[in-house]
Amino acid sequence: MNMTQLKVYLSRINSWQKVLFGLPILVMVVMLLMDHSGDSVELGQAVYRPEMRQRLCKADQLSGDAGETYGEETENGIKYNVRTPANYDASVAHPLLLVFSPAGSNRAKTEKTTGFTFPATQAGLIVAYADHPELSPSTTVELGTIPSLMAKKWCIDEKQVYVTGHSDGGTSAMALAFMTGTRHIPRAIAPSAAGVAYDDLRDRRCPEPLPVMVMHSSKDRLFPGYGQQAVGWWAACNKCDPIPDKIANGCSSYSGCAGGVKTLYCEGDQIHSHWPERSKDIIEFFVSATQVSPRGAK
């Protein structure tokens, strides 16, 4: 090997070293861009009502930032992003809106699709958008650890955790409310296009009365009729009158439910993958759940 060949050889080695050392940095940059993908985040100004100040935190012991936080994760690596009101008060215990992603999506896409951030933070909620893990009971349990993890950094009222999601995300949201080890976590749920039918529920023990808003499409070909089957089980668990009534927003509402909890069924007419255009209704449903005594309260 002559001097010219040696220089070419060393140059090639140097180039490969740059690639190998630069690859982790490139991956991190790509992940960061994906995490921040979509439109800019608009945060609402919360109105802190007197009743919200009944549960307080020691703000100086909490490290969570106001505004947008990216890349928080559970023990086994499920990532989630956090949004607080623009005027976040770290001494006030906030209700938490926990949003699960459908298969093929992630926390950034789910935030953009659902449009929850502004109306939820304006209503005084903190929002967490979680990535989609492989669907299983264990990952549902893992998703259920997010409220307690967040409460270590943000001022969260763990008795007011509201859970929603679409497709696999809806399945996890509903499962969190009926699985034995996690049923204490949600204060109310609003699952959309969930893959949970009556056969999946009939042998389950009912949780305590729980506000439930089931959303499903009449044109859902993946889980046809699952929404009506699921809400029937929840209505029975909530000890509601068996025949629902139509209400102003087009949903059906069961009356006479134990503890005054709302039990709603909202049927759409889009394909399975379509997120229902009911984000405002969902926020209003969750906010109304704060007017009902917490489960287990005397």
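Coordinates for the structure precede this section.
Starting from 1, residues in each chain are numbered consecutively following that chain's sequence as written. Confidence filtering applies because this is a predicted model: local features only for residues at pLDDT of at least 70, side-chain atom pairs given and counted only at 80 or more, and all residues used for totals across whole chains, interfaces and linings. By convention in this description, side-chain values take in all heavy atoms of the structure and omit both hydrogens and water.

Peer 1: When you look at the overall build of the protein chain in this model, what are you seeing that I'm missing?
Peer 2: Elements are defined by DSSP. Helices are runs of H or I of four residues or more, strands are runs of E of two residues or more, and each kind is numbered from the N terminus. When its secondary structure is counted, the protein chain shows nine helices and 10 strands. Categorising residues by exposure relies on relative accessible area from a 1.4 Å probe, with only protein chains included: less than 20% of the type maximum marks a residue as buried, more than 50% marks it as exposed, and the intermediate range marks it as partly exposed. Per-residue burial for the protein chain yields a buried fraction of 47% across its 298 residues. Only the protein chains shown count as covering a residue, and every accessible area follows the Shrake-Rupley method with a 1.4 Å probe. For the protein chain, the computed accessible surface area is about 15200 Å², with 55% contributed by carbon and sulfur atoms.

Peer 1: Explanation requested: the state of the cysteines in the structure shown.
Peer 2: What is meant by a disulfide is a covalent connection between two cysteines, made through their sulfur atoms. Note on disulfides: each one is a pair of cysteine sulfur atoms within 2.5 Å. Under the defined criterion, the tally for this structure stands at four disulfides. Disulfide pairing places cysteine 240 opposite cysteine 257 at an S-S distance of 2.0 Å. Between cysteine 240 and cysteine 257, the disulfide has an S-S torsion of 110 degrees and is therefore right-handed. With cysteine 240 in the loop between α8 (226-237) and β8 (245-246) and cysteine 257 in the loop between β9 (252-254) and β10 (263-268), the pair connects residues that are 17 residues apart, well separated along the chain. The residues cysteine 240 and cysteine 257 share a single accessibility class, namely buried. Here cysteine 251 pairs with cysteine 266 through a disulfide, and the sulfurs are 2.0 Å apart. Its S-S torsion of approximately 105 degrees makes the covalent link between cysteine 251 and cysteine 266 right-handed. Taken as a pair, cysteine 251 in the loop between β8 and β9 and cysteine 266 in strand β10 lie far apart in primary sequence, 15 residues in all.

Peer 1: How should I be thinking about unusual backbone geometry in this particular structure?
Peer 2: The phi torsion of most residues other than glycine is negative, and most of the peptide bonds are trans. Of note, the phi angle at serine 167 is positive, near 55 degrees, even though the residue is not glycine. Owing to a relative accessible area of 9%, serine 167 belongs among the buried residues under this scheme. Unlike most non-glycine residues, alanine 193 shows phi in positive territory, near 55 degrees. Mapped onto the fold, alanine 193 is located in the loop between β6 (188-192) and α7 (198-201). Taking the relative accessible area as the measure of exposure, alanine 193 reaches 4% and is therefore buried.

Peer 1: Looking at this structure, how should I read the nonpolar core?
Peer 2: Taken as a class, soluble globular proteins show a tendency for nonpolar side chains to be buried jointly. Only buried residues count toward a nonpolar core. Its members are Ala, Val, Leu, Ile, Met, Phe, Trp, Tyr and Cys residues joined through side-chain atoms within 4.5 Å. Of all hydrophobic cores here, the largest spans 51 residues; its most connected members are Met150, Met174, Phe178 and Trp234. Broken down by secondary-structure element, the contributors of at least two residues to this core are β2 (79-83), β3 (94-100), β4 (126-130), α5 (146-151), β5 (156-166), α6 (168-178), β7 (212-217) and α8. Note on contacts: a residue pair qualifies if any of its non-hydrogen atoms lie within 4.5 Å across the two residues. Methionine 174 has contacts with Ile189, Pro191, Ala194, Val196, Val214, Ala230 and Trp234, leaving out every residue within four places of it along the chain. Counting 22 residues, the second largest nonpolar core, distinct from the first, contains Phe116, Val127, Ala188 and Met213.

Peer 1: Mind showing me how you'd approach the sheet that holds β7 here?
Peer 2: Hydrogen bonding along the main chain pairs the strands of a sheet, whether they run parallel or antiparallel. The strand order across the open sheet formed by 10 strands is β1-β2-β4-β3-β5-β6-β7-β10-β9-β8, and the pairing between neighbours is mixed. Two strands in the sheet have a free side with no partner beyond their single neighbour: β1 (68-73) and β8. Strands are labelled as partners when DSSP assigns at least two bridges between them. Here β1 pairs with β2 via four bridges, running antiparallel. Opposite glutamate 73, over in β2, you have lysine 79 as the bridge partner. Against the sheet, α6 contacts β3, β5, β6 and β7, and its axis sits at roughly 140 degrees relative to β5. Only C-alpha atoms enter the line fits that serve as axes; for helices the fit covers just the stretch in contact. Angles between N-to-C directions range over 0 to 180 degrees.

Peer 1: Any chance you could explain the pairing of β6 here in plain terms?
Peer 2: A regular strand carries its side chains on alternate faces of the sheet. Taken across its five residues, β6 has five buried, putting it largely inside the fold. Taking every second residue as pointing to the same face, both faces of β6 are buried, with Ala188, Ala190 and Ser192 on one and Ile189 and Pro191 on the other. In this structure, β5 lies alongside β6, joined through five bridges in parallel fashion. In the sheet register, histidine 166 faces β6, and the bridge partner there is serine 192. Inspection of the sheet shows β6 paired to β7 by two bridges, in the parallel sense. What sits directly across from serine 192, in β7, is methionine 215.

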